[in-house]
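Okay, here's what each chain looks like letter by letter:
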Amino acid sequence: ALVLRKLLPQCALTVIEENPAHIAIAKDFLDAEAEYLTAHYDGAFARQFDAVVIPLAFHGNREELCASPKRPTLFVHDWIWRRRSRTRVISWLLLKRLNRIDA
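Definitions and limits used
Residues numbered from 1 in each chain as written. Predicted model: local features only at pLDDT ≥ 70, side-chain atom pairs only at ≥ 80, totals over all residues. Heavy atoms only, no water. Helix = DSSP H or I, 4+ residues; strand = E, 2+ residues; numbered from the N terminus. Buried < 20%, exposed > 50% of the residue type's maximum accessible area, 1.4 Å probe, protein only. Contact = heavy atoms within 4.5 Å. Pairing = 2+ DSSP bridges. Right-handed = clockwise from strand over helix to strand, strands pointing away.

A. Broad picture of the environment of Pro55. Relative to the elements of secondary structure, Pro55 occurs in the loop between strand E3 (51-54) and helix H3 (62-67). Under the relative-accessibility criterion, Pro55 is labelled partly exposed at 41%. C-alpha of Pro55 to C-alpha of His77: the two residues are 22 residues apart in sequence and 5.1 Å apart in space. In this view, Pro55 contacts Arg62 and His77; residues no more than four positions away in its chain are not counted.

Structural data, given as structure tokens:
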């Protein structure tokens, strides 16, 4: 969210998090213009957003989200060995990559 805010300062940013304590922490780092939802992202919100970032710590079915025909563009933070669609390695040291899966 911090990187997106720097790259796209004009975008509407919504943070979806299951744990209210994590939202409280995020509010200390992000501006007041971000919207915060206490919920689990399972694809039900898909039509509300142009793009969704799925973090490495996501608890849910990534395969189902990626395969859904009614989804926004996804940016999936994943392990280096899980290559999907358009992809970039973001850390060889930490074995992480970012996959972009267009709608």
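B. Geometry of the pairing of strand E4 (residues 73-79). Of all the seven residues making up E4, five are buried; the element is thus mostly covered by neighbouring parts of the structure. Summarising the sheet, E3 and E4 pair through four bridges and their orientation is parallel. Looking at E4, one finds that Ile54 is bridged to Val76. Note on the crossover from E3 through H3 to E4: the handedness is right-handed. Note: E4 against strand E6 (residues 96-101), six bridges, orientation antiparallel. In the strand pairing of E6, Phe75 is matched with Arg100.

On their own, these measurements won't tell you what the molecule is for.
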